[in-house]
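Structural description and commentary
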Amino acid sequence: MNVLTVSQFVEVMNKTFGELLPVVEVEGEVSEFRISKEYLVYFKLVDEESSVQCFCFKSQLNYPIEDGMKILLKASPNLHKKNGFSLNLIEAKPSGEGSLRRAYELLKKKLTKEGLFDQERKQELPDYPTRIGLISSSQAAGYEDFISTIKKRWGLKIELCDVRVQGEKAPEDIIKAIEYFNSSGNPVEVICLVRGGGGLEDLAAYNSENVVRAIAASRIPTIVGVGHTRDISLADMVADKQAITPTNAAEILVPDKSEVSREIDNTVSLLLQHLKRPAQVIDQYQMDLEQYITNTLEDMDSKIEQQNRILASFNPKQVLARGYSIVRNKAGEVVKTAKQSKKGQELMLELSQGNIEAEVKNVDI
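Values in this document were obtained by computation on a predicted structure and should not be read as measured data.

Quick word on the pattern of salt bridges
Under the counting rule described, the total for this entry stands at 14 salt bridges. In this structure, the salt-bridge partner of Asp 173 is Arg 164, at a minimum N-O distance of 2.7 Å. What makes Asp 173 buried here is its relative accessible area of 16%. Residue classification places Arg 164 among the partly exposed residues on the basis of a relative accessible area of 44%.

Following this line, the structure appears as structure tokens:
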């Protein structure tokens with residue numbers, strides 16, 4: 001029998017884990033939860049007989065967790081050279097109605113404290129949008145309701161991002177769709193997220209912290225229409241406008257063509273009546289018409305100003321003016337993550353006014 005050093009044994013074990021159990025799913029109760037240095041998370045996953053140490057970065061937690069909460073985690077087994085055996089977390093989510101509800105309340109409290117649900121930070125929806133960005137599944141309950149209602153009320157262009165609205169990949173799909181619409185060179189005027197209703201587990205994607213923050217960060221106004229449910233999702237709360245159903249979202253976004261047609265007919269009829277009246281009412285009619293034209297022009301100016309603000313928000317110079325910078329390497333490529341740089345590398349920082357040449361002193365990944 002070969003005698004192994006401790007380091008060799010650890011290496012063999014980790015290689016064995018990688019071949020036999022690269023990823024495991026484990027369910028248990030959280031114990032001894034703590035955060036070190038504000039970004040390293042440690043806790044134990046326990047049941048009636050056993051416990052195992054778990055580790056992750058704070059940024060990996062899409063849901064807040066605490067001691068006593070039951071969770072289902074996906075992780076990689078690992079034997080650390082000094083800290084022993086642990087599960088390195090890939091993903092974790094609450095398990096069971098009680099834990100889901102507790103995670104919902106914890107995240108709701110946290111985001112409320114940050115002001116993400118404040119009415120003051122919300123944008124106005126456009127009055128008469130001509131292009132709508134729709135984030136939903138073409139197979140989801142409520143999708144057809146939304147589309148058919150839009151077609152009945154006022155036919156207009158709808159650009160669909162077909163995403164998963166349920167399951168572990170749903171949050172990632174929804175976030176990518178929001179980012180896609182916001183980065184488009186020809187942006188839509190409003191983003192609409194719809195799906196049918198369900199319980200807390202069904203709506204997990206719409207209570208994901210990353211999804212909520214992506215909606216809050218959208219430069220394009222947003223409306224969320226989730227079908228009837230006893231719980232209001234956090235996505236509903238952070239959106240610029242909440243609709244109670246997908247159909248209601250369509251009704252909020254576009255007017256009914258038949259109603260608009262009736263209003264026009266009534267206006268024309270009223271104008272004709274004015275024309276038939278004696279000469280003394282002509283002056284009043286002229287004043288009314290001038291006021292109508294003035295109001296219409298002011299409304300158009302307001303809409304143009306709103307569109308200009310949206311276009312201006314996509315200007316990189318506006319971002320730089322707020323104190324951000326664009327980092328490029330010598331080849332002119334944009335450096336987005338620390339992994340793209342190394343110690344001693346020369347970088348160019350583009351600011352709102354001027355550039356700075358810098359040298360990387362340390363890389364913290």
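Having seen the structure, we can now continue with the description.
Some thoughts on the nonpolar core
Membership of the largest hydrophobic core comes to 35 residues, with the highest contact counts inside it found for Ile 135, Ile 174, Leu 193, Tyr 206 and Ile 215. Elements supplying a minimum of two residues to this core: helix 2 (97-114), helix 4 (170-183), strand 8 (190-195), helix 5 (209-217), strand 9 (222-226) and helix 6 (234-238). Counting residues per element, this core draws most heavily on helix 4, at six residues. Dropping the residues within four chain positions of it, Ile 174 is found in contact with Ile 135, Val 163, Arg 164, Leu 193, Ala 205, Tyr 206 and Val 211.

Considering the packing of aromatic side chains
Counting across every chain of the model gives six aromatic pairs. Between the aromatic rings of Phe 55 and Phe 57, the centroid separation amounts to 5.5 Å while the plane-to-plane angle is 70°, which identifies the pairing as edge-to-face. Aromatic ring contacts, followed pair by pair, group Tyr 39, Tyr 42, Phe 55 and Phe 57 into a single cluster.

Structural notes on the sheet that holds strand 12 (residues 346-350)
Ordered by their spatial adjacency, three strands build an open sheet running 11-12-13, and the pairing between neighbours is antiparallel. Two strands in the sheet have a free side with no partner beyond their single neighbour: strand 11 (326-328) and strand 13 (355-359). Averaged over all pairs of adjacent strands, the angle between their axes in this sheet comes to 25°, without regard to strand direction. Where strand 11 meets strand 12, three bridges bridge the pair, whose relative direction is antiparallel. Each residue of the ladder has a partner; that of Val 327, found in strand 12, is Leu 349.

A closer look at the packing of helix 2 against helix 5
Close contact between helix 2 and helix 5 brings their axes to 11 Å; oriented N to C, the two are set at 25°. Considered as vectors, helix 2 and helix 5 are oriented roughly parallel to each other. In terms of crossing hand, the pair formed by helix 2 and helix 5 is right-handed. Mapping the contact onto sequence places Leu 107, Lys 110, Leu 111 and Glu 114 in helix 2 and Glu 209, Val 212 and Arg 213 in helix 5. Per-class residue counts for the contact of helix 2 with helix 5 are three nonpolar, no polar and four charged.

Rules and cut-offs
- Residues numbered from 1 in each chain as written.
- Predicted model: local features only at pLDDT ≥ 70, side-chain atom pairs only at ≥ 80, totals over all residues.
- Heavy atoms only, no water.
- Salt bridge = Lys/Arg side-chain N within 4 Å of Asp/Glu carboxyl O.
- Buried < 20%, exposed > 50% of the residue type's maximum accessible area, 1.4 Å probe, protein only.
- Core = buried A, V, L, I, M, F, W, Y, C linked by side-chain atoms within 4.5 Å.
- Helix = DSSP H or I, 4+ residues; strand = E, 2+ residues; numbered from the N terminus.
- Contact = heavy atoms within 4.5 Å.
- Phe/Tyr/Trp six-rings, centres within 6.5 Å; stacked < 30°, edge-to-face > 60°.
- Pairing = 2+ DSSP bridges.
- Axes fitted to C-alpha atoms, helices over the stretch in contact; angles between N-to-C directions.
- Parallel < 35°, antiparallel > 145°, perpendicular 65-115°, else oblique.
- Left-handed = near helix turned anticlockwise from the far one by under 90°.
- Nonpolar A, V, L, I, M, F, W, Y, C, P; charged D, E, K, R; others polar.

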